[in-house]
Amino acid sequence: MAFAGKKRLSVLLILVMTVFMLGQSIVFAEDAAKGGSEPVKDESLKPFPSKNEGGTRFAAARALYSGNFGNDFVQAQVGSDGRFNAGINQLGTEDWYNIMFSWPSSPWSSFTTVKVDGEDRVYGNSPDGTFISTPANNGDDTSNDSVWRTGDVTVRQLLQPGINPATGLPDALQIRYVITNTGSAAHDVGLRMMLDTMVNGNDSAPFKVPGASGIESINYEKDYVGAAVPSFWQVFNDFNNPDISAQYTMQGRDSTPPDRFTIASWGAIQGTLWNYAISPGSYTGDSAVGMWWNPVSLAPGEQKVITTYYGRPGVGGESALVLAGRQKLSYDEWSAGSFNLISYLTNNTASSLTNVRLQLEADPGLTAIDGDLEHTIGTLASGATIQSAWKLQPNAAGTHHLTVKAYADGSAEPYATAAFQVQALEPVVPPNVTLGGSRGTTADGTPISGRTSPLTVQAHYDSPQATGVTLIATDGDGTTYTAELSSTNGVDWSHTFTPYAVGLWESPLTITLIPHYADGDGPQEQFPVELIDPSGYVYNELEGEDWRLPGATVTLQYYDPLLTTWVNMSEEAYSGRMSPITNPQVTGTDGRYAWDVAAGSYRVVVSRPGFATVTSREVAVPPPVTDLHVGLVPTDAAAPVVSFSGVQDGETYTGPVTTNFWATDDTAGVRSISYKIDDAEAVIVSGDHAALPTIDAEGNHKLVLTAVDHVGNEATATVLFTIVNPDSTAPTTTLLINSAAPVDYYNSTELTITLNAADNAGGSGVAATYYRINNAFGPWILYTGPKVVTFNKYINRLEYYSVDAAGNVESIHLITPRVDLVKPMTKYTASPNFVLDKGGMVLKGYKVTLVPQDDYSGTRKTWYRINYGAWTEYKGPFLINDLQTKVNYYSEDIAGNIEKVN
């Protein structure tokens, strides 16, 4: 769809201003001739003139004197050779001053070098190259455009007023170079800009440059390379008059940081094309700057865009105190971050000022980020200027005012005062409105929607609640669509429509919401929506158009008729010609990509892992293109890898089984996975992972897990398992010590333990047996078979238990075996045995008594024998006669210790 409705900067170029600038050029020349810091330059010294200009150069230059382009803030002009100069309006006045030499006269002292494969060529010069499109202002004199070719490389120079990163206003000259390789081989291309600085007629204009230790005042040659290159530099008519100055922005916003920045003497640098060695610390005199973008390799059709800004520094205030900063901030800028306010305080008295301090006073709409409203300066010498900075952030939309006051010498009255204001813009979409189905936003926050996709408008009305809400959508052609939003609670209202389906095609779309209340209609709310074409989708060529491909990189290319080659579209190179400005795009799950573009010839280049890269057919816009569908041919033959957890093939389970299933594919990516449980239908899952339903039914089960990648390669895993009755009974463990049932006492510290574990019939089986000895809190030892263990003397502690495969745990068994290593000891007594015989007592032998003793386990048995006869267990005292003269005896204790025979 042809891009329409783009905003343009307002301009004011009138004949009176032209006459004024012509007069001003005479004044500049006269002032310099009367004793300015530098004499008027001799234009015959023009650096590196074109070799075929001949005698027509001056006539051509005079014809361009009134050929300025610009707006109310900044104006510039370009010579027939592409060289340019510029001037800006003095804030709050009708006066203008130059910021480059010779403006508003013909530009000649600044030039740009293009380095191609090591050769230096001056932009616009012949025979270095030729103009494909000579420098020319556009129809309303708001820009100047030219295209110059040198060999296979074309360079477009586009100059126009742009949004100044320093102020937020269109008060800077946007300087943009678009370098394109139009050949069939790669080329190394770099660029150098040399600008002859002049501020209000001062050709020796001094600089202020931010550095590591603060802002430096510089009027001597100095180099900045790599990370040391500042984000901006400022140039002044006089440090004592800082509001007559200019600022060049090299970083931030869409600026392209150079690899080197140099403050130089014009007389020295103007005689060089690329290489320039400064004389460090040498006074510049006639000042100039150089900016280098080192050569990079450009492939055929590839472009490099360089953008910088030169304009107002955003100053305001009286001569002694000047403030600089952004004066307009978009909602996205101020709601997300802070902005810097810089002050320049000059002591314009004849003596030093002491106890100098700065006090910032801001209205409630501004917040100081660091809370440092007061800055202590100290002593400020006569004629000196010092810079200070604050970080501020608006907390609401609107115009916010602040004042900075400078105090000195202990006075309660300010020495100098400066006022400043910043405009924080409202959000594009009202805060109580959200959009569904939008495709992002433009740079200024305008939402984007597809013409053929549904757009949902949601609005919140509370305090009071609305009784109804009317939506009116008007497209860029004036066609309207009206609908009533619906609500279920009287607070949240919604309506969905597809723009093309209700007759809305032209961008932008304007949405108007009218809330209705019991006592009448409320204030209308209105906001724009930019419509874009859903230009097409990407699909798998072998599987058909329904097989959409996410993750495809789609690059929009434009056939540039000036360059006669295809180039990748970019906002930098072709500002305002496409929306959204993202290029390339990456397709989503629906495989779609979308742009709205200006009239011209286009195509897309589509690439994706696992597929061959494809360039689409060429299309002409207008009419709208909504069917530029691209099929990709697969190149990936590798199937996905299927993985799962929670179940193993061939296993038997006694409880529920839950399976996690996922797939990976390192090339094309997983398109979908599916699973089938037993005889049920397969369940397809979008994505690459899923948790299967829990299976708890007894019996045999089968899982079929399948993964498909975006190419169509398929991988399947089959898992077979069984679920049996749950086992809830713990196993039983039997202990043997020295191959026998445990007893209380043992007569050795080296004992063999055997643990025999058995599970219940039909159980899951013993999984493991554990034991530990003499360590109630120590680790359990896995039992692997009969084991000789060492006990202590006396009491010991032996624990053991088993676990089955179902996880049932046996209660811990505890026994306390004792070890007795001391043999018993038996005492022997024999007492005479007298009997009555024939009226008298007669000795009939002896009564023997054995008394065993054992202090630990106790005596188990005592044995004796007479005259080496058989051993008899001692039951109590026994008799012996005179002939039985030999008695042996011994005892054994419960632990099994046996006394030596007595």
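As the structure is a prediction and not an experimental result, all values here were calculated from the model. (Residues numbered from 1 in each chain as written. Predicted model: local features only at pLDDT ≥ 70, side-chain atom pairs only at ≥ 80, totals over all residues. Heavy atoms only, no water.)

Undergrad: Honestly, the overall build of the chain in this entry has me stumped. Any pointers?
TA: Within the chain one finds four helices and 74 strands. For 902 residues, the compact-globule formula gives about 29 Å, and the C-alpha radius of gyration of the chain, at 49 Å, lies well above that figure. Summarising its shape, the C-alpha atoms of the chain cover approximately 180 × 80 × 75 Å along the three principal directions. Burial status across the chain gives 48% buried among its 902 residues. When the accessible surface of the chain is split by element, carbon and sulfur atoms take 51% of a total near 40,300 Å². Measuring between centres, the 54 positive side-chain charges of the chain sit 12 Å from its 94 negative side-chain charges. (Helix = DSSP H or I, 4+ residues; strand = E, 2+ residues; numbered from the N terminus. Rg over C-alpha atoms; globule rule 2.2 N^0.38 Å. Buried < 20%, exposed > 50% of the residue type's maximum accessible area, 1.4 Å probe, protein only. Areas by Shrake-Rupley, 256 points an atom, 1.4 Å probe, with all protein chains shown as cover. Lys, Arg positive; Asp, Glu negative; His and termini not counted. Charge placed at Lys NZ, Arg CZ, Asp CG, Glu CD.)

Undergrad: Just to check I follow, could you spell out the sheet that holds strand β73 (residues 878–880) for this structure?
TA: Within a sheet, neighbouring strands are paired by backbone hydrogen bonds and run either parallel or antiparallel to one another. Here three strands make up an open sheet; going across it, the order is β69-β70-β73 and the pairing antiparallel. Each of the sheet's edge strands pairs with one partner strand only, and the pair in question is β69 (825–837) and β73. Neighbour to neighbour, the strand axes of the sheet diverge by 35° on average, direction disregarded. The pairing of strand β70 (residues 840–853) with β73 spans three bridges and is classified as antiparallel. Note on β73: the bridge partner recorded for K847 is L879. (Pairing = 2+ DSSP bridges. Axes fitted to C-alpha atoms, helices over the stretch in contact; angles between N-to-C directions.)

Undergrad: Looking at this structure, I do not really get unusual backbone geometry. What am I missing?
TA: The bulk of non-glycine residues show a negative phi, and the bulk of peptide bonds are trans. In this chain, S463 is followed by P464 through a cis amide linkage whose omega measures 0°. If you trace the backbone, P464 turns up in the loop between β33 (455–460) and β34 (468–474). Across the junction of S507 and P508, the peptide omega takes the value 0°, indicating a cis bond. Looking at where P508 falls in the secondary structure, it is placed in the loop between β37 (492–497) and β38 (509–517). Unusually for a residue other than glycine, D117 sits at a positive phi of about 50°. With respect to the element layout, D117 can be found in the loop between β5 (111–116) and β6 (119–122). Phi at D409 is positive, roughly 55°, even though this residue is not glycine.

Undergrad: I tried to follow the confidence of the model for the chain on my own but got confused; where do I start?
TA: Parts of the model with low pLDDT should not have their predicted coordinates read in detail. This prediction gives the chain a mean pLDDT of 87; 92% of its residues lie at or above 70. Note on residues 1–39: pLDDT is under 50 here. Beyond four places in sequence and across chains, it has 79 contacts. (pLDDT = per-residue confidence, 0-100. Contact = heavy atoms within 4.5 Å.)

Undergrad: Would you mind showing me how to read the sheet that holds strand β68 (residues 818–819) here?
TA: Strand order in the open sheet made by the three strands is β60-β68-β65, with mixed pairing throughout. Only two strands of the sheet have a single partner each, and these edge strands are β60 (745–746) and β65 (794–795). Across two bridges, β60 lies against β68 in parallel orientation. Along β68, the bridge assignment pairs Y745 with R818.

Undergrad: Is there a simple way to explain the pairing of strand β8 (residues 144–150) in this structure?
TA: Residues in a regular strand project their side chains so that they alternate between the two faces of the sheet. In terms of burial, β8 is a largely internal element, five of the seven residues being buried. Of the strand pairs in this sheet, strand β7 (residues 130–137) and β8 are connected by five bridges, and their pairing is antiparallel. What sits directly across from T130, in β8, is R149. Connecting β7 to the next strand, β8, in antiparallel fashion are six residues, including D141 with a positive phi near 55°. One ladder, built from seven bridges, connects β8 with strand β9 (residues 153–162); its direction is antiparallel. Paired with V147 across the bridge in β9 is R156. Taking the residues between adjacent antiparallel strands as the criterion, β8 and β9 are bridged by two residues, where G151 takes a positive phi near 65°.

Undergrad: Help me out: how do you make sense of the side chain of E799 in this one?
TA: Structurally, the position occupied by E799 is in strand β66 (residues 798–804). A distance of 3.3 Å separates a polar atom in the side chain of E799 from a polar atom in the side chain of R797. (Polar contact = N/O pair within 3.5 Å; in protein donor to acceptor, adjacent residues only side chain to side chain.)

Undergrad: Can you walk me through the pairing of β70 in this structure?
TA: Inspection of the sheet shows β69 paired to β70 by twelve bridges, in the antiparallel sense. Paired with S831 across the two strands is K847, which belongs to β70. Here β69 hands over to β70 after two residues, with K838 in that stretch at a positive phi of 55°.

Undergrad: Explain the environment of N125 here, please?
TA: Residue placement: N125 occurs in the loop between β6 and β7. Judged by its relative accessible area of 3%, N125 falls in the buried class. Those residues within four positions of N125 in sequence are excluded, and the remaining contacts are F48, P49, S50, R83 and W148.

Undergrad: Where do I start with a nonpolar patch on the surface in this structure?
TA: Residues F834, L836, M841, L843 and Y846 make up a contiguous nonpolar surface patch of about 520 Å² in total accessible area. For the nonpolar patch, the element with the most residues is β70, which contributes three residues. Within the element layout of this structure, L836 appears in strand β69. Classification of L836 as exposed rests on a relative accessible area of 64%. (Patch = residues over 30% accessible without salt bridge, like charges linked within 9 Å, V, L, I, M, F, W, Y side chains within 5 Å. Salt bridge = Lys/Arg side-chain N within 4 Å of Asp/Glu carboxyl O.)

Undergrad: Hey, could you run me through the pattern of salt bridges in this one?
TA: Side chains carrying opposite charge are able to pair once their charged atoms draw close together. Counted by the stated rule, this structure contains 15 salt bridges. For K405, the salt bridge identified is with E361, shortest N-O distance 3.6 Å. Of the two residues, K405 sits in strand β28 (residues 398–407) while E361 sits in strand β24 (residues 353–362), which places them 44 residues apart along the sequence. Between E799 and R772 there is a salt bridge; the shortest N-O distance is 3.0 Å. One end of the pair, E799, is in strand β66; the other, R772, is in strand β62 (residues 766–773), and 27 residues separate them in sequence. For the residue pair E799 and R772, the accessibility class agrees, reading buried in each case. Each of R772, R797 and E799 takes part in one network of salt bridges that share partners.

Undergrad: I keep staring at the packing of aromatic side chains and nothing clicks. Help me out?
TA: Aromatic ring pairs are reported here in terms of the distance separating the ring centres and the angle at which the planes meet. Counted according to the given criterion, the structure contains 33 aromatic pairs. With a centroid separation of 5.0 Å and 75° between ring planes, the pair formed by W871 and Y890 is classed as edge-to-face. Placement of W871 in the loop between β71 (859–866) and β72 (872–873) and of Y890 in strand β74 (residues 887–893) is noted, with a sequence separation of 19 residues between them. An aromatic cluster is built from F207, Y224, W233, Y248, F261 and Y310, whose rings are joined through pairwise contacts. The cationic tip of R260 hangs over the ring face of W292; the distance from NZ or CZ to the ring centre is 4.0 Å. (Phe/Tyr/Trp six-rings, centres within 6.5 Å; stacked < 30°, edge-to-face > 60°. Lys NZ or Arg CZ within 6 Å of the ring centre and 35° of its normal.)

Undergrad: How should I be thinking about the nonpolar core in this particular structure?
TA: Generally speaking, nonpolar side chains in soluble globular proteins are found buried as a group. One finds F84, M193, W233, F261 and M291 to be the most contacted residues of the largest nonpolar core, which totals 46 residues. For W233, the contacting residues outside a window of four places in its chain are T197, F207, K208, V209, A246, Q247, Y248, M250, F261, V289, M291 and Y310. W547, L549, Y574 and Y593 belong to the second-largest nonpolar core, a separate cluster that totals 33 residues. (Core = buried A, V, L, I, M, F, W, Y, C linked by side-chain atoms within 4.5 Å.)

Undergrad: Help me understand the environment of S297, please; the structure alone is not making it clear to me.
TA: Structurally, S297 can be placed in strand β18 (residues 287–298). On a C-alpha basis, the gap between S297 and G445 in space is 35 Å, while along the polypeptide they are 148 residues apart. If sequence neighbours within four positions are ignored, S297 has contacts with A186, H187, D188 and E302.

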